[in-house]
Amino acid sequence: MRVSLNGSDWQFKGFLGEDWVWRDAEKPGTRDVRWWYPAVVPGSVQADLLRLGQIPDPYYEQQSLLSEWVHQRTWIYKKSFLADLSWWGRRVTLRFEGVDYAAQFFLNGEPLGRHEGMYTPVAVLVGDRLGFGAENLLAVVIERAPDEEPQVSKTCYVRTHKARMNYWWDFCPRMVHQGIWDDVYLEVTGPVQATDLWVRPELTPDFRRADLSVSAVLDAAERCRVTAEIEIARDGAVVARHSSAHALPPGETRLNFALPLERPALWWPNGYGEQPLYEATLRLITEDGAVSHARTVTFGIRRVEAVRNEGAPEGSLPYTLVVNGRRVYLNGWNWVPIDALYGVERPAKLERLIRLADRAHVNLFRVWGGGLIEKEAFYDLCDRHGIMVWQEFILSSSGIGNKPSTDPAYVAMMAREAERIIPRRRNHPSLVIWCGGNELMDGGVPLTDAEPVLAALKDAVRRLDPDRHWLPTSPSGPVANLSLKALDENPEGLHDVHGPWEHQGLTAQYTLYNRSTALLHSEFGAEGMANVKTIEATIAPEHRWPATKDNPVYFHRGAWWINEPLVQKAFGGIEDWVTLSRASQFLQHEALRYALEANRRRQWRCSGSIPWQFNEPFPNAWCTSAVDYYGEPKGGYWAVARAYAPLAVTARFDSQVWAGRERFTAQVWLAHAGAQALDGLTVKVRVVGATGRVYREQECAATAPAAGAVPICTVDLPLAEIREPLFFLDLTVTGSPDLTATGGSDMAVSGGARRVAENRYLFATGENLRPMLHQPTVAVEVAAGADGQLTLTNRGAVAALCVRLDDARPLNAPGWAWFSDNLLHLLPGERRTVRVEWSPEAGPERRLLIQGWNTEAIRHG
């Protein structure tokens, strides 16, 4: 029996130093009865203070500065609970799944012990300390947070295994976390408990059978005999069963079972197949027929191997993942904690983010090494949605020095942490890679497994989870960062690389990614200002302009990513923050799109892309995230979703602006993720002006390769023929009606064929994108159809630029709107249909805002 102690019926209070000791604050009979306040567990100290109004909203303006005192105090959390009389004579274990960071535990005033480490659980037998049939007082003394290093420091100073992001990072202000951040419960059992259960499937070469190796760790309070029953079930139906009798000595015993499973249902990454999950249940039955303990874990059956990339230089590590015999191109994204106050449970927001990634064809998250060993809820959702996980231990670069400590005590501490963490996550089929940490280097060169702490972590992974791939750090080098200089000096040395994180310019962005030779691009990105609603919700009107580093509010909320000078240069001058937000997000969209498409054109020499970053833990004013703090996509999200489509038509070109050039040239490519080639396709290429005038049109027959990318044709024409400041390269792919469209908007076309892929690039014939800001205003008509479909029609004489659909409700409204496509350029007379869905919890008030750069705002609903 598991008795949850989570809830809002806890109390908490802060203390300086050991004032709590003098006051006996942790004891039932304490006279310290004033100023205890209600608290929520799991949670965060700052979240409890914010709920009470005792700190100002840290997410607004610069107000996080006003709560930087919180982590310097000790906080006591306490709760009373009734111990049922039926528990008497049974084993009662008090379990904390996670307390951040160091804490002391008391039951009815008696000490239970002290623990350090936010990722390792606490388990204490308390049956002899409970008052059965009476109220009991549980108290947790959360000590002041350890002094740790912010982003700019030296990694060798780090001595804890704690999230560093909160000590200040470029996308998170200083909000040092404390709290009981995971579940608390009592487990009531008989004399024998199963403390661990691990199912390790091994597939035969033909994938027709899985041999399940089931390992269990039992803990017996006394010498006894038990029957161990194992059941394997899928969708509630038992598919395998085993039973055996065992004589157990007191203490720990390890048992191993083997169960064959014919015709297993294989777990696949998102886009490659289904994600069937199995349950393994172990029941321990004593001689009197009672179930002493039952434990259930969820697992999936798949084989994941890592192989070297095609044409990779000698000595390179394997970066291509092969799942169930199929190579999987990594449509990745870097994941960071969903909130700076990560102890607060936000299940709806977590599911929103995972679903957004799923809908964008993402098949891998890299869980960055400055954040968290993510919780079970995250892994459960990744299991269900087919998103593989690259989990890093919490080690990260520090700017000045990026080499971890070699102190034996620190290395031993990290090894102990790994010993506890790995068994807690290894049943998840989504987990495919363990990595030592983020950007660990010496002299700019990524570290190897020879580094003491990385060697210790690798040893733990090899012993405890030998089927997972291991990487020492990311990037794993030998050249750390992508740059033109690196490409000139050592083009074969770019294996797993990071950077850049900034838009390189209207020409330089394309030069860099056209030349890249990286085998894996595991962190890179582009900046974008926040969504308009986010700025309005978090910055006072008088502080919204200028949106530069000279504005202290903006400096506080993402100074590293304020690329306002580049945006101003790209657009020839912007005079208000709303236009600046739109323009910066357009540049982020274009930068991400081209980088991902260029990498995919090099498949399988390049095994994948993992842009920085998917989400953000704080509502920054400027950030590299593609989805904002409130779960609303920025423009860059839609760029990634299109670039990761199973069938993508893309173009290779030299620049977004064409001043001083004589000809416009682009090479058209098809990229396809499917296992079978697609024949009978027609690729239509048009160069069309913003007025709708077609300057060049051509068609060609094409075949999309199986799991690969190929060039299809080239379009080339004199720029002098294009007599408009803005023009588009318009690409469409049509095929037989039975093919599935990979875009989000309605792609059906006449003539018996179906549009199955499309892409549209915007260019300027001049030296910058200023004409985008000065297009004539056009009218877009919106018509509602069945099943949430909205048809948008451009009734104007020029293109409607960057037409965007947004949820028009307040940011704190329940639920979300879901769009099948967004951020559209509509040519004159063009019609597009977008499907809009709403979360069930959104309620009846469902309103949209539809607006382009040169259209009037339309409020729908």
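Just above, that's the structure.
Since we're looking at a predicted model, the values are computed, not measured.

**Thoughts on the overall build of the chain**
Move 1: Assigned secondary structure in the chain consists of 13 helices and 51 strands.
Move 2: Expected size for 861 residues packed as a compact globule is a radius of gyration near 29 Å; at 29 Å, the chain falls within 12% of this value.
Move 3: Structurally, the chain occupies a C-alpha span of about 90 × 65 × 60 Å along its principal axes.
Move 4: Once local pairs closer than 6 in sequence are excluded, the contacts in the chain between residues at least 24 apart make up 72%.
Move 5: When the accessible area of the chain is evaluated, it comes to approximately 31,800 Å², of which 49% is carbon and sulfur surface.
Move 6: One way to put it: in the chain the 91 positive side-chain charges average out to a point 1 Å from where the 103 negative ones average out.

**Here we look at the pattern of salt bridges**
Move 1: In the structure shown here, the tally under the stated rule is 52 salt bridges.
Move 2: The shortest N-O distance in the salt bridge between Asp449 and Lys458 comes to 2.9 Å.
Move 3: With relative accessibility at 24%, the residue Asp449 sits in the partly exposed group.
Move 4: Here Asp807 and Arg809 are joined by a salt bridge, their closest N and O atoms 2.9 Å apart. The burial state of Asp807 is the same as that of Arg809; both residues are buried.
Move 5: Overlapping salt bridges, with partners in common, bring together Arg686, Asp730, Arg755, Glu758, Arg760, Glu830 and Arg832 in one network.

**Comments concerning the sheet that holds strand 13 (residues 184-189)**
Across a sheet, strands are paired by hydrogen bonds formed along the backbone, either parallel or antiparallel in direction.
Move 1: Taken together, four strands build an open sheet; the order of strands is 1-13-5-9 and the sheet is antiparallel. Of all strands in the sheet, those with a lone pairing partner are strand 1 (2-4) and strand 9 (122-125), marking the two edges. Recorded for the sheet is a direction-independent mean angle of 20 degrees between the axes of neighbouring strands.
Move 2: Where strand 5 (residues 91-96) meets strand 13, six bridges bridge the pair, whose relative direction is antiparallel. Paired with Arg91 across the bridge in strand 13 is Thr189.

**Comments concerning the sheet that holds strand 47 (residues 817-819)**
Move 1: With antiparallel pairing, the four strands of this open sheet are ordered in space as 44-45-49-47. Two strands lie at the open edges of the sheet, namely strand 44 (780-784) and strand 47, each paired on one side alone. The average angle at which neighbouring strand axes cross in this sheet is 30 degrees, direction not considered.
Move 2: Bridge count for strand 44 against strand 45 (residues 789-794) is five bridges, and the pairing is antiparallel. Bridging across to strand 45, Glu781 finds its partner in Thr793.
Move 3: Running at roughly 10 degrees to strand 47, helix 3 (residues 347-359) makes contact with strand 47 and strand 49 (831-838) of the sheet.

**Details of unusual backbone geometry**
Move 1: With omega at 10 degrees, the peptide bond leading from Gly477 into Pro478 counts as cis.
Move 2: Within the fold, Pro478 resides in the loop between strand 31 (469-471) and helix 7 (484-489).
Move 3: Although it is not a glycine, Arg263 adopts a positive phi angle of roughly 45 degrees.
Move 4: The topology assignment puts Arg263 in the loop between strand 18 (251-262) and strand 19 (278-286).

**Notes on helix 12 (residues 577-600)**
Move 1: With 24 residues, helix 12 ought to run about 34 Å at 1.5 Å a step, and its terminal C-alpha atoms sit 34 Å apart, in line with that.
Move 2: Burial within helix 12 is extensive, with 22 of its 24 residues counted as buried.
Move 3: By the N-cap criterion, in which a side-chain oxygen at the helix start approaches the backbone nitrogen of a residue two or three places on, helix 12 is capped by Asp576, the distance to Val578 being 3.2 Å.

**A closer look at the nonpolar core**
Move 1: Of all hydrophobic cores here, the largest spans 125 residues; its most connected members are Trp335, Phe365, Phe378, Phe664 and Leu729.
Move 2: Once residues lying within four places of it in the same chain are set aside, the contact partners of Phe664 are Trp658, Val687, Val715, Asp716, Leu717, Leu719, Phe727, Leu729 and Phe763.
Move 3: Grouped together as the second largest cluster of nonpolar side chains are 56 residues, Leu197, Cys224, Leu255 and Leu259 included.

**Some remarks on the packing of aromatic side chains**
Move 1: Scanning the model with the defined rule gives 43 aromatic pairs in all.
Move 2: An angle of 45 degrees between the planes, with centres 5.0 Å apart, marks the rings of Trp335 and Phe378 as tilted. Separated by 43 residues along the polypeptide, Trp335 in strand 24 (residues 330-335) and Phe378 in helix 4 (residues 376-385) bring together distant segments of the chain.
Move 3: Residue classification places Trp335 among the buried residues on the basis of a relative accessible area of 1%.
Move 4: Of the aromatic side chains, those joined through ring pairs into one cluster are Trp333, Trp335, Phe365, Phe378, Tyr379, Phe614, Tyr637 and Trp638.
Move 5: Sitting over the face of the ring of Tyr629, Lys349 holds its NZ or CZ atom 3.7 Å from the ring centroid.
Move 6: Taking the ring centre of Tyr594 as reference, the NZ or CZ of Arg601 above it sits at 5.1 Å.

**A word on the environment of Leu824**
Move 1: Relative to the helices and strands, Leu824 is located in strand 48 (residues 824-826).
Move 2: Sequence-wise, Leu824 and Gly674 are 150 residues apart; in three dimensions their C-alpha atoms are separated by 26 Å.

**Things to note about the packing of helix 8 (residues 508-515) against helix 12**
Move 1: Close contact between helix 8 and helix 12 brings their axes to 9 Å; oriented N to C, the two are set at 20 degrees. Here helix 12 runs roughly parallel to helix 8, going by the angle between their axes. The crossing of helix 8 and helix 12 is right-handed. Contacts between helix 8 and helix 12 involve Gln509, Tyr510, Tyr513 and Asn514 from the former and Glu590, Ala591, Tyr594, Ala595 and Ala598 from the latter.
Move 2: Here the residues of the contact of helix 8 with helix 12 are counted per class, giving six nonpolar, two polar and one charged.

The rules behind the values
- Residues numbered from 1 in each chain as written.
- Predicted model: local features only at pLDDT ≥ 70, side-chain atom pairs only at ≥ 80, totals over all residues.
- Heavy atoms only, no water.
- Helix = DSSP H or I, 4+ residues; strand = E, 2+ residues; numbered from the N terminus.
- Rg over C-alpha atoms; globule rule 2.2 N^0.38 Å.
- Contact = heavy atoms within 4.5 Å.
- Areas by Shrake-Rupley, 256 points an atom, 1.4 Å probe, with all protein chains shown as cover.
- Lys, Arg positive; Asp, Glu negative; His and termini not counted.
- Charge placed at Lys NZ, Arg CZ, Asp CG, Glu CD.
- Salt bridge = Lys/Arg side-chain N within 4 Å of Asp/Glu carboxyl O.
- Buried < 20%, exposed > 50% of the residue type's maximum accessible area, 1.4 Å probe, protein only.
- Pairing = 2+ DSSP bridges.
- Axes fitted to C-alpha atoms, helices over the stretch in contact; angles between N-to-C directions.
- Expected span 1.5 Å × (residues − 1).
- Polar contact = N/O pair within 3.5 Å; in protein donor to acceptor, adjacent residues only side chain to side chain.
- Core = buried A, V, L, I, M, F, W, Y, C linked by side-chain atoms within 4.5 Å.
- Phe/Tyr/Trp six-rings, centres within 6.5 Å; stacked < 30°, edge-to-face > 60°.
- Lys NZ or Arg CZ within 6 Å of the ring centre and 35° of its normal.
- Parallel < 35°, antiparallel > 145°, perpendicular 65-115°, else oblique.
- Left-handed = near helix turned anticlockwise from the far one by under 90°.
- Nonpolar A, V, L, I, M, F, W, Y, C, P; charged D, E, K, R; others polar.

Nothing here speaks to function; it is all geometry.
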